[in-house]
Amino acid sequence: MSRKTIATLMQMKMEGEKITMLTSYDASFTRVLEAAGVDSILVGDSLGMVVQGQESTLPVSVDEMVYHTRCVARGRHESLLIADMPFMSYGSAEQALSTASRLMKEGGAHMVKLEGGASQLETVRQLTMNGIPVCAHLGLQPQSVHKLGGYRVQGKDQESAREIKEDAMALEAAGAQMLVLECVPSVLAAEISRVLSIPVIGIGAGVDCDGQVLVVYDMLGITSGRKPRFVKDFMPGAGSVQAAVSAYVQAVKEKRFPTEEHSFQ
Ligand code: KIV
């Protein structure tokens, strides 16, 4: 396996090869993910919920993100390493530059991810102008859970679907080099993946995105509480964590995951 860069992932989109992404929060899981050939690893602020046991991602601090990113970086060799900018750490372009530079310089991230559309365009511009690659995140934005009134599918009506599509195009124009689309109808995700030239990675966004991401604990069936529709547990029958991760990678590459059962209309 060779080193994955943003250019590699762009090439995969152009060639129609599905991109695999999983979250990781430590070196050991990262080694397992790498051995399975995962293309990209996301140090998600989901760590607030699955590692720290918090009710949402909101309490996660920049220090905690830097710490976990550094742990993951030590186990990483080939995959593209993306780190989430946590809640209220990118309220202004200046603050975003400071957070992103810590994630890259101290954590070893290759790219940072932030949630939001039109309100983040100037920040995305500033980050990319300073050589910081940005992955945008649209659809369900977990850092806005209280504003949204819960973890709900987004873009179900014409007006909100149009807004998400316009935000996606504006983010690409502002310099974003990747987009995560969470919990949106499959048809909308397919359309956005078609019109953007940057890779679109879906979670609860149907099979027609350029790639897929899941929280690693979810795909191993060890997340407590209600299982979201878009999650598939790859552990049954796999025999080992390594085999389950390999099964996920194969299923995404062969477009066997997600199915309708894991998607929204
Ligand atoms: O924090 C996270 O793990 C994420 C993914 C679920 C996309 O943002």
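Check the entry above for the structure.
Predicted model only: the values in this text are computed from it and were never measured. (Residues numbered from 1 in each chain as written. Predicted model: local features only at pLDDT ≥ 70, side-chain atom pairs only at ≥ 80, totals over all residues. Heavy atoms only, no water.)

## So, the overall build of the chain
Across its full length, the chain carries 11 helices and eight strands. Against the compact-globule benchmark of 18 Å for 265 residues, the chain has a radius of gyration of 17 Å, which places it among compact chains. Reported as C-alpha extents along the three principal axes, the dimensions of the chain are approximately 45 × 40 × 40 Å. Per-residue burial over the chain gives 54% buried out of 265 residues. (Helix = DSSP H or I, 4+ residues; strand = E, 2+ residues; numbered from the N terminus. Rg over C-alpha atoms; globule rule 2.2 N^0.38 Å. Buried < 20%, exposed > 50% of the residue type's maximum accessible area, 1.4 Å probe, protein only.)

## Section: the site of the ligand
The immediate surroundings of the ligand are formed by T23, L42, G44, D45, S46, D84, K113, H137, V180, I203 and V215. Interatomic distance of 3.0 Å between a side-chain N/O atom of D45 and an oxygen atom of the ligand. One of the side-chain N or O atoms of D84 is found 3.1 Å from an oxygen atom in the ligand. Taken together, the residues that form the shell around the ligand break down as four nonpolar, four polar and three charged. (Near = heavy atom within 4 Å. Polar contact = N/O pair within 3.5 Å; in protein donor to acceptor, adjacent residues only side chain to side chain. Nonpolar A, V, L, I, M, F, W, Y, C, P; charged D, E, K, R; others polar.)

## Topic: the nonpolar core
Residues L179 and L181 are the most contacted members of the largest nonpolar core, which totals 81 residues. Examining the composition of this core, we find that six residues originate from one element, helix α11 (residues 241-253), more than from any other. In this structure L179 touches C135, A136, H137, L138, A168, I192, L196, I198, P199, V200 and I201, once residues within four positions along its chain are discounted. (Core = buried A, V, L, I, M, F, W, Y, C linked by side-chain atoms within 4.5 Å. Contact = heavy atoms within 4.5 Å.)

## Observations regarding the packing of aromatic side chains
All chains considered together, the criterion is met by five aromatic pairs. Seen from their ring centres, F234 and Y248 are 5.6 Å apart, and the 85° between their planes marks the pair as edge-to-face. Residue F234 is located in the loop between α10 (216-219) and α11, and its partner Y248 is located in helix α11; the two are separated by 14 residues in the primary sequence. In this structure, F234 and Y248 share a single accessibility class: buried. Seen from the ring of F234, K232 lies directly overhead, with NZ or CZ sitting 4.8 Å from the centre. (Phe/Tyr/Trp six-rings, centres within 6.5 Å; stacked < 30°, edge-to-face > 60°. Lys NZ or Arg CZ within 6 Å of the ring centre and 35° of its normal.)

## Points about the environment of A36
Considering the arrangement of structural elements, one finds A36 in the loop between α2 (27-35) and β2 (40-43). The exposure class of A36 is buried, given its relative accessible area of 14%. Counting along the chain gives 164 residues from A36 to V200, while the straight-line C-alpha distance between them is 21 Å. Excluding residues within four positions of it along the chain, A36 makes contact with Q242, V245, S246 and V249.

## Things to note about the packing of α2 against α11
Closest axis-to-axis distance for the α2/α11 pair is 9 Å, and the angle between their directions is 50°. The orientation of α2 with respect to α11, classified from their angle, is oblique. The two elements α2 and α11 cross, and the hand of that crossing is right-handed. From α2, F29, V32, L33 and A35 reach across to α11, where they touch V241, Q242 and V245. Here the contact of α2 with α11 is composed, by residue class, of six nonpolar, one polar and no charged. (Axes fitted to C-alpha atoms, helices over the stretch in contact; angles between N-to-C directions. Parallel < 35°, antiparallel > 145°, perpendicular 65-115°, else oblique. Left-handed = near helix turned anticlockwise from the far one by under 90°.)

## A few points about the side chain of E115
Residue placement: E115 occurs in strand β4 (residues 111-115). Despite being buried, E115 has no salt bridge partner; K113 is the closest side chain of opposite charge, sitting 4.8 Å away. There is a polar contact of 2.8 Å between the side chain of E115 and the backbone nitrogen of Q143. Apart from the residues within four sequence positions on either side, E115 is in contact with D45, Y90, Q120, H137, Q141, P142, Q143 and S144. (Lys, Arg positive; Asp, Glu negative; His and termini not counted. Salt bridge = Lys/Arg side-chain N within 4 Å of Asp/Glu carboxyl O.)

## Some words on the environment of I192
Examined against the element boundaries, I192 turns out to sit in helix α9 (residues 186-195). Residue class for I192 comes out buried when judged on its relative accessible area of 0%. Measuring from C-alpha to C-alpha, the distance between I192 and T259 comes to 19 Å, with 67 residues separating the pair along the chain. If we ignore the near neighbours within four places in the chain, the residues touching I192 are I164, K165, A168, L179, L181 and V200.

## Topic: the pattern of salt bridges
Taken as a whole and judged by the stated rule, the model has 13 salt bridges. Across the pair K253 and E17 runs a salt bridge, and its minimum N-O distance is 2.9 Å. Separated by 236 residues along the polypeptide, K253 in helix α11 and E17 in the loop between α1 (6-15) and β1 (19-23) bring together distant segments of the chain. Judged by relative accessible area, E17 falls into the partly exposed class, the value being 36%. A single salt-bridge network, built from bridges that share partners, covers K4, E17, D39 and K253.

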